[in-house]
Amino acid sequence: MGGMTPLPAPDSALGLLLNRRSCHSVRAPGPDDAELELILRAALRVPDFQRLRPYRFLAARDEGLDRLGQAMQRAAVAAGKSAAVIERSLRMPHRAPLVITVVASPQPSTVVPLLDQQLCAACTVLTLQLAARALGYGGLWRSGWLMYDRGFHRELELGEDEQIVGFLYLGTPQHAEETPHEAVQDPHDVLHWI
Ligand SMILES: Cc1cc2nc3c(=O)[nH]c(=O)nc-3n(C[C@H](O)[C@H](O)[C@H](O)COP(=O)(O)O)c2cc1C
């Protein structure tokens, strides 16, 4: 597949995509307000059937991380989780200086199905991560049991039709290149011509 194609520069758009990786371990500082605005602007450019904007972002930093952890802990108690999980929940958001909970927020439509709207919201998670990386930040898209827990959704005052599609942890990478990707997957493994 284009074996002779020259590699794009790392800071080019294609270079960003080809070199994208997650960062499991981040620290302060995270994106500031101006950077967050840019990151969100990038996310608002995801493909969006009929421009329904079927997503919302719940951002937490500083005391917001405490409030998010408290909501996670209350959900853990209500869900009957183990003492270890309950204890861990409180500190969970503090693994990054900025945590964005991305919510699929479906809009009434007779044309755009729910799944389309949820996929649109999911696209924003990756776009947020990529935009943050373009600004030099690292990030990790997490799910976990809280993403499926309706009690936690109520803790965040989300509607019954809303669905968290990811928790994006963003900050300054702890290490220069934390998770070196050994061999990039061979595209032929996943390409099937019809
Ligand atoms: C929907 C979704 C949920 C994920 N949830 C988690 C998670 O809860 N914990 C985790 O360590 N990685 C999770 N991942 C995977 C990481 O975001 C990341 O992609 C993975 O660690 C591989 O690293 P890479 O992105 O650098 O290839 C999730 C990915 C997706 C798309």
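In this text, all values refer to a predicted model and were calculated from it rather than measured experimentally. (Residues numbered from 1 in each chain as written. Predicted model: local features only at pLDDT ≥ 70, side-chain atom pairs only at ≥ 80, totals over all residues. Heavy atoms only, no water.)

**Things to note about the overall build of the protein chain**
Alright, step 1. Assigned secondary structure in the protein chain consists of 6 helices and 5 strands.
Alright, step 2. Secondary structure elements of the protein chain, listed N to C terminal, follow the sequence α-β-α-β-α-α-β-α-β-α-β.
Alright, step 3. Here the protein chain has a C-alpha radius of gyration of 18 Å; the compact-globule value for 194 residues is 16 Å, and the two agree.
Alright, step 4. Each principal axis of the C-alpha distribution contributes one length, and for the protein chain these read about 55 × 45 × 35 Å.
Alright, step 5. Out of the 194 residues in the protein chain, the part that is buried amounts to 38%.
Alright, step 6. Taking the contacts inside the protein chain whose residues are at least 6 apart along the sequence as the reference set, 77% of them involve residues at least 24 apart. (Helix = DSSP H or I, 4+ residues; strand = E, 2+ residues; numbered from the N terminus. Rg over C-alpha atoms; globule rule 2.2 N^0.38 Å. Buried < 20%, exposed > 50% of the residue type's maximum accessible area, 1.4 Å probe, protein only. Contact = heavy atoms within 4.5 Å.)

**Observations regarding the UniProt feature "binding site: FMN" (unreviewed entry) in the protein chain**
Alright, step 1. The feature "binding site: FMN" (unreviewed entry), as given by UniProt, occupies Arg20, Arg21, Ser22, Arg45, Trp141, Arg142 and Ser143 in the numbering adopted here. Spanning 124 residues, the named residues do not form one spatial group; their C-alpha atoms are separated by as much as 22.9 Å.
Alright, step 2. For arginine 21, the location among the structural elements is in the loop between helix 1 (13–18) and strand 1 (26–27).
Alright, step 3. A polar atom in the side chain of serine 22 sits 3.5 Å from the side chain of arginine 20. (UniProt positions renumbered as here; feature names shortened; annotations may be inferred. Polar contact = N/O pair within 3.5 Å; in protein donor to acceptor, adjacent residues only side chain to side chain.)

**Section: the state of the cysteines**
As used here, a disulfide is simply a covalent bond connecting the sulfur atoms of two cysteines.
Alright, step 1. Counted by the stated rule, this structure contains 0 disulfides.
Alright, step 2. Residue cysteine 123 stays outside any disulfide, its sulfur separated by 6.4 Å from that of cysteine 120, the closest cysteine.
Alright, step 3. The class for cysteine 123 is partly exposed, based on a relative accessible area of 34%. (Disulfide = S-S within 2.5 Å.)

**Some points on the packing of helix 3 (residues 63–78) against helix 4 (residues 83–91)**
Alright, step 1. Packing of helix 3 against helix 4 brings their axes to within 7 Å, and their N-to-C directions diverge by 165°. With respect to helix 4, the element helix 3 is oriented roughly antiparallel. For the pair helix 3 and helix 4, the crossing hand works out as right-handed. Seen from helix 3, the contacting residues are Gly69, Gln70, Met72, Gln73, Ala76 and Val77; seen from helix 4, they are Val85, Ile86, Glu87, Ser89 and Leu90.
Alright, step 2. Partitioning the contact of helix 3 with helix 4 into residue classes produces 6 nonpolar, 4 polar and 1 charged. (Axes fitted to C-alpha atoms, helices over the stretch in contact; angles between N-to-C directions. Parallel < 35°, antiparallel > 145°, perpendicular 65-115°, else oblique. Left-handed = near helix turned anticlockwise from the far one by under 90°. Nonpolar A, V, L, I, M, F, W, Y, C, P; charged D, E, K, R; others polar.)

**Looking at the packing of aromatic side chains**
Alright, step 1. Tallied over the full model, the rule gives 2 aromatic pairs.
Alright, step 2. Ring geometry for tyrosine 55 and phenylalanine 57: centres 5.5 Å apart, planes at 35°, overall tilted.
Alright, step 3. We classify tyrosine 55 as buried; its relative accessible area is 6%.
Alright, step 4. Residue phenylalanine 57 is classed as partly exposed on the basis of its relative accessible area, which comes to 22%.
Alright, step 5. Sitting above the plane of the tryptophan 145 ring, lysine 81 keeps its charged end 4.6 Å from the centroid.
Alright, step 6. One Lys or Arg, arginine 142, reaches over the ring of tyrosine 169 and ends 5.0 Å from the middle of that ring. (Phe/Tyr/Trp six-rings, centres within 6.5 Å; stacked < 30°, edge-to-face > 60°. Lys NZ or Arg CZ within 6 Å of the ring centre and 35° of its normal.)

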